[in-house]
4 protein chains.
Amino acid sequence: MRELKFPILIINFKTYPEATGKRAIELARVAEKIAKELGVCIAVCPQHVDLPKVAESVEIPVLAQSIDPVEPGAHTGHITALAVKEAGAVGTLVNHSEKRVRLDEIRKVIEECRKYNLYCIACAATCREAAAIAILEPTAVAVEPPELIGTGRAVSKERPELITESVELVKKVAPNVPVLCGAGIESGEDVKRALELGAQGVLVASAIVKAKNWEEKILEMAKQLVQSK
Amino acid sequence: MRELKFPILIINFKTYPEATGKRAIELARVAEKIAKELGVCIAVCPQHVDLPKVAESVEIPVLAQSIDPVEPGAHTGHITALAVKEAGAVGTLVNHSEKRVRLDEIRKVIEECRKYNLYCIACAATCREAAAIAILEPTAVAVEPPELIGTGRAVSKERPELITESVELVKKVAPNVPVLCGAGIESGEDVKRALELGAQGVLVASAIVKAKNWEEKILEMAKQLVQSK
Amino acid sequence: MRELKFPILIINFKTYPEATGKRAIELARVAEKIAKELGVCIAVCPQHVDLPKVAESVEIPVLAQSIDPVEPGAHTGHITALAVKEAGAVGTLVNHSEKRVRLDEIRKVIEECRKYNLYCIACAATCREAAAIAILEPTAVAVEPPELIGTGRAVSKERPELITESVELVKKVAPNVPVLCGAGIESGEDVKRALELGAQGVLVASAIVKAKNWEEKILEMAKQLVQSK
Amino acid sequence: MRELKFPILIINFKTYPEATGKRAIELARVAEKIAKELGVCIAVCPQHVDLPKVAESVEIPVLAQSIDPVEPGAHTGHITALAVKEAGAVGTLVNHSEKRVRLDEIRKVIEECRKYNLYCIACAATCREAAAIAILEPTAVAVEPPELIGTGRAVSKERPELITESVELVKKVAPNVPVLCGAGIESGEDVKRALELGAQGVLVASAIVKAKNWEEKILEMAKQLVQSK
């Protein structure tokens, strides 16, 4: 139940107060409930300090929002693959638009993940960046045009060609790397469209975290995964 | 028991595997035991992902190793004051030599700490840097010449003038900000000397974390705090 | 004529196309003409690649917009004190709000400048930051609230207390370090006010670089320096 | 004569004092002399402040060591494509191991170069990184294992498979992007081997810049380009 399966819905808690501390655990539990009911894969990305408690509270995949490209040792204030692994995470995001890193660091993070048997979902701003990162063989790449993140204007509606082109480009250079998408995803309809365009999952943050009714919103989106299977 | 009191011994777990996950809790408990026995202030700085479990396991001050200069919100992969506060930390380090930040970021971190009623221990490489940061009124400044960190050559033995000058300079510009010191502290003798030179505490990492016998090593150092009170 | 004298008008060319290449030389010549006519100190800060040609074209102080905290050597893409010195610059800005650096880097840049006998004007966002940097003993500190930069709302009009407090705070901790100010300075009136509030000069960018008539605008501002002497 | 042609010898001046200011012009002239004599392509990468004088002194391709991913405007201390273009450069390096940047920044630098009709040579640490960057379609990619840079242990001797694999991988994903190599190249023999392994050129820094006799050393290396044509 900790494995990533595609299609997937990944919920990024960012550092929203609505999903910090105890509320992170609650949100993760709602996600778990729906994942089990529908039999689909929903992963949650709580903040680093919330990782261990979230991970011991639910049986769905828990991902870190980032890790640093360093091995355990004299690295004050860093996040290591070892630490998130021991905290119960099964993987991490890397290169999110709010936490961009250098190309050599993306590579090292992917290597660290491999070493500790962790999944690594690498984010990219454009089709070409997605294809570039795919060559480094992360678990999956997620295309998120930064200009749409947090806008409520879904990538699958506003920039559908970004998804199809990414899928096509990535297929050419790294056929085993699934392409996810994100940015502005607000509704089940947005998720549906993304999957129709060839994405194997979506990354969602504010639309779920800030929803009045978490269960309703997650259900609305997760249902699309069932239909696409 | 969660308050910082000076003189103080701060143990920085860094990302050492010897102090990750469950071992972080064990180390914190040893520190707590000695703090209680001797009636001295010992603070621990576990990794971010280990914060909540360490904080609920001990009744001594738990500090984050760093926080980011951002408010809660759309900041994937960042560490907020709110998050470490909810995780049970009473404060944070900032600008450690392994995680240097910009001056404006040090200022913002100190402001965030004030907002959330958190302690903030700001690190500096030289006397003048210590005085510069002291003007921003963190809880305390810690002078740690980077070239001695992790060497076993104690700042209090190798560069005693760095401590006395820092104490003097800081007293002039920010008389209420205690000066701590760190780098290469290996023995009770090193701690003793640091306190004699005017430091109101020490930051120690590898000498304790990698000690064969945590209790013995912490005791050796913490005893000096008793004698200096 | 290459020396910095206070009060001073510093013109930051940024990377504005209006002040790139040949236009940088022209703008510097206009500044030189007025500096000579009025007998006041006007310094110009062209882009790095424009430094040598500007420096050989005028006899007023030419400053780099930044240098990196590294010594000459294996540092591809960096700007060294040696290189700007050989190019004819007499100093540099450091920590401008558009190029913030770490506190330890500010310190190293100031040290490099001292080594090569270069002036160093260090920028700061707040009074306290200004005082903090002043302790590191740059040639002068320049307070520029980032939220006013480029707005046309002058710091001397909108935040006069920022100038008086900076002057006061810096006087306490580093009495020999002059305080300059910048951000939103648009008119002679703004410059006048800044000097009345205790600033020993101003940093101006867009108001001059993007002025329809460079000579007129520089004259309007530089005249204030005469009257304040 | 300003065009890049392959095979190519690129001389990176870094910030070596031996190739700063007037000495940069001299070194560029020696390179030009040999390029003309042998009829091969030699490009020089002086420091930013030395660009304009070097560019007007020679008629071989002059490249910047880096540019920043920003358009002309309010970017104090940055290097724009426009500025290096006006200074006479025909292109730039990007992502050199001593100046690594984020993947999205590499993409933006390549875009800026395209906009200003500049060449862009992108550096990479590994075969996969080289292939990843090649997808973004720079003019060429240069593989330089950081651990060999400046060692005198040539990549073509120590890690020949790195070159062949890079050539192969890049050919698959971006067949029009030539692969160069660098790191530790010391002799004509090293250059020869690199070309035999499929590289279409080499990046050399210290071996030439710090050579007792520039002409001799450049000649020794450049001759290999003739033979490989």
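Here the structure is shown first, and the text comes after it.
Okay, so let's go over this structure. These figures come from a predicted structure and were not determined experimentally.

**Details of the overall build of chain A**
Step number 1: Along its length, chain A carries 10 helices and eight strands.
Step number 2: Here the C-alpha atoms of chain A give a radius of gyration of 16 Å, agreeing with the 17 Å that 2.2 N^0.38 yields for 229 residues.
Step number 3: Each principal axis of the C-alpha distribution contributes one length, and for chain A these read about 45 × 40 × 30 Å.
Step number 4: At a minimum sequence separation of 6, the contacts of chain A that also span at least 24 residues come to 68%.
Step number 5: Accessible surface, chain A as shown: approximately 8000 Å² in total, 46% of it carbon and sulfur.
Step number 6: Separation of charge centres in chain A, based on 30 positive and 31 negative side chains, amounts to 1 Å.

**Here's the deal with the environment of C:L225**
All names here are of chain C.
Step number 1: In this fold, L225 is placed in helix 10 (residues 214–228).
Step number 2: Using a relative accessible area of 1% as the deciding quantity, one classes L225 as buried.
Step number 3: Beyond its immediate sequence surroundings of up to four residues, L225 is in contact with P7, I8, L9, V40, C41 and L195.

**Side note on the interface of chain C and chain D**
Quoted interface sizes are often the accessible area lost when the parts come together.
Step number 1: Contacts between the two partners involve 37 residues from chain C and, on the opposite side, 37 residues from chain D.
Step number 2: Looking only at chain C, the three residues that lose the most surface to chain D are C:T15, C:V49 and C:T76, adding up to 24% of its buried area.
Step number 3: On the surface where chain C and chain D come into contact, there are 20 residue pairs in polar contact (both at pLDDT 80 or more).
Step number 4: Elements represented by at least two residues in the side of chain C that touches chain D include exactly helix 1 (22–38), helix 2 (51–57) and helix 3 (81–86) of chain C.
Step number 5: Partitioning the side of chain C that touches chain D into residue classes produces 13 nonpolar, 15 polar and nine charged.

**Comments concerning the interface of chain A and chain B**
Step number 1: Facing the 37 residues of chain A at the interface are 37 residues of chain B.
Step number 2: Interface of chain A and chain B: buried area, both sides summed, is about 2900 Å²; carbon and sulfur atoms make up 57% of it.
Step number 3: Counting the surface chain A buries against chain B, the share from its top three residues, A:T15, A:V49 and A:T76, is 25%.
Step number 4: Where chain A meets chain B, there are four salt bridges.
Step number 5: The partner of B:K53 in a salt bridge is A:E56, and the shortest N-O contact between them spans 2.4 Å.
Step number 6: Listed by contribution, the elements that provide at least two residues to the side of chain A that touches chain B are helix 1 (22–38), helix 2 (51–57) and helix 3 (81–86) of chain A.
Step number 7: Its residues assigned to classes, the side of chain A that touches chain B comprises 13 nonpolar, 15 polar and nine charged.

**Observations regarding the relation of the copies chain C and chain D**
Step number 1: Aligned on chain D, chain C shows an RMSD of 0.0 Å; the corresponding rotation is 180° and the shift along the axis is 0.0 Å. A rotation of that kind, with that shift, is consistent with a two-fold axis. If distances are taken from each C-alpha of chain C to the rotation axis, the shortest is found for C:V49, at 2.2 Å.
Step number 2: Interface overlap between copies: 100% of the residues of chain C at the interface are likewise at the interface in chain D, consistent with a symmetric, same-surface contact.

**Quick notes on the arrangement of the chains**
Step number 1: Chain A makes no contact with chain C; the smallest distance between any of their C-alpha atoms is 16 Å.
Step number 2: The two partners chain B and chain D share no contact, and the minimum distance between any of their C-alpha atoms is 16 Å.

**A closer look at the pattern of salt bridges**
If charged atoms from side chains of opposite charge come close, those side chains can pair.
Step number 1: This model, assessed by the stated rule, comprises 88 salt bridges over all chains.
Step number 2: For A:R23, the salt bridge is made with B:E86, and the minimal N-O distance between the two is 3.2 Å. Residue A:R23 is found in helix 1, and its partner B:E86 is found in helix 3 (residues 81–86); the two belong to separate chains.
Step number 3: The shortest N-O distance in the salt bridge between C:E37 and C:K33 comes to 3.3 Å. Here C:K33 and C:E37 lie together in helix 1, a separation of four residues that amounts to about one turn.
Step number 4: Taken together, the salt bridges that share partners define one network made up of A:R100, D:R102, D:D104, D:E105 and D:K108.

**Some points on the relation of the copies chain A and chain B**
Step number 1: With an RMSD of 0.0 Å, the operation that places chain A on chain B is a rotation of 180° combined with a shift of 0.0 Å along the axis.
Step number 2: Looking at the interface residues of chain A, 100% of them are also at the interface in chain B, so both copies use one shared face.

**What about unusual backbone geometry?**
Step number 1: Cis geometry is adopted by the peptide bond preceding A:P7, which originates at A:F6 and carries an omega value of 0°.
Step number 2: Structurally, A:P7 can be placed in the segment before strand 1 (8–12).
Step number 3: For C:A183, which is not glycine, the phi dihedral falls at a positive 95°.
Step number 4: In this structure, C:A183 sits in the loop between strand 7 (179–182) and helix 8 (188–196).
Step number 5: Residue class for C:A183 comes out buried when judged on its relative accessible area of 4%.
Step number 6: Non-glycine residue D:K14 carries a positive phi angle of around 45°.
Step number 7: Relative to the elements of secondary structure, D:K14 occurs in the loop between strand 1 (8–12) and helix 1 (22–38).
Step number 8: Since its relative accessible area comes to 3%, D:K14 is described here as buried.

**Let's talk about the packing of helix 5 (residues 127–134) of chain C against helix 7 (residues 160–173) of chain C**
In a pair of packed helices, the angle between the axes and the distance between the axes together describe the arrangement.
Residues and elements named next belong to chain C.
Step number 1: Contact geometry of helix 5 with helix 7 gives a least axis separation of 8 Å together with a crossing angle of 25°. When the interaxial angle is binned, helix 5 and helix 7 end up roughly parallel. Between helix 5 and helix 7 the crossing geometry is right-handed. Side by side, helix 5 and helix 7 meet where C127, R128, A130, A131 and A134 of the first sit next to L162, E165, S166, L169, V170 and V173 of the second.
Step number 2: Here the contact of helix 5 with helix 7 is built from residues that sort into eight nonpolar, one polar and two charged.

**What to know about the pairing of strand 4 (residues 91–94) of chain B**
In regular strands, side chains alternate between the two faces of the sheet.
Residues and elements named next belong to chain B.
Step number 1: Here strand 4 shows no split at all, with G91 and L93 on one side and T92 and V94 on the other all buried.
Step number 2: A crossover connection joins strand 3 (residues 63–64) to the parallel strand 4 through helix 3; in handedness this β-α-β unit is right-handed.
Step number 3: With four bridges joining them, strand 4 and strand 5 (residues 119–124) adopt parallel strand pairing. The partner of T92 across the bridge, within strand 5, is C120.
Step number 4: Taking the sense of rotation as the criterion, the β-α-β connection linking strand 4, helix 4 (residues 103–115) and strand 5 turns out right-handed.

**Brief notes about the pairing of strand 8 (residues 201–204) of chain B**
Residues and elements named next belong to chain B.
Step number 1: Residues of strand 8 alternate between two faces, with G201 and L203 on one and V202 and V204 on the opposite face, all of them buried.
Step number 2: Bridge analysis of strand 1 (residues 8–12) against strand 8 gives four bridges, and the strand direction is parallel. Residue pairing across strands places I10 opposite L203, the latter belonging to strand 8.
Step number 3: Direction of pairing for strand 7 (residues 179–182) relative to strand 8: parallel, over a ladder of two bridges. Within strand 8, the position partnered with G182 by the bridge is L203.

Conventions used here
Residues numbered from 1 in each chain as written. Chains lettered and ligands numbered in written order. Predicted model: local features only at pLDDT ≥ 70, side-chain atom pairs only at ≥ 80, totals over all residues. Heavy atoms only, no water. Helix = DSSP H or I, 4+ residues; strand = E, 2+ residues; numbered from the N terminus. Rg over C-alpha atoms; globule rule 2.2 N^0.38 Å. Contact = heavy atoms within 4.5 Å. Areas by Shrake-Rupley, 256 points an atom, 1.4 Å probe, with all protein chains shown as cover. Lys, Arg positive; Asp, Glu negative; His and termini not counted. Charge placed at Lys NZ, Arg CZ, Asp CG, Glu CD. Buried < 20%, exposed > 50% of the residue type's maximum accessible area, 1.4 Å probe, protein only. Buried area = accessible area lost by both parts, 1.4 Å probe. Polar contact = N/O pair within 3.5 Å; in protein donor to acceptor, adjacent residues only side chain to side chain. Nonpolar A, V, L, I, M, F, W, Y, C, P; charged D, E, K, R; others polar. Salt bridge = Lys/Arg side-chain N within 4 Å of Asp/Glu carboxyl O. Least-squares fit on C-alpha atoms with pLDDT ≥ 70 in both. Axes fitted to C-alpha atoms, helices over the stretch in contact; angles between N-to-C directions. Parallel < 35°, antiparallel > 145°, perpendicular 65-115°, else oblique. Left-handed = near helix turned anticlockwise from the far one by under 90°. Right-handed = clockwise from strand over helix to strand, strands pointing away. Pairing = 2+ DSSP bridges.

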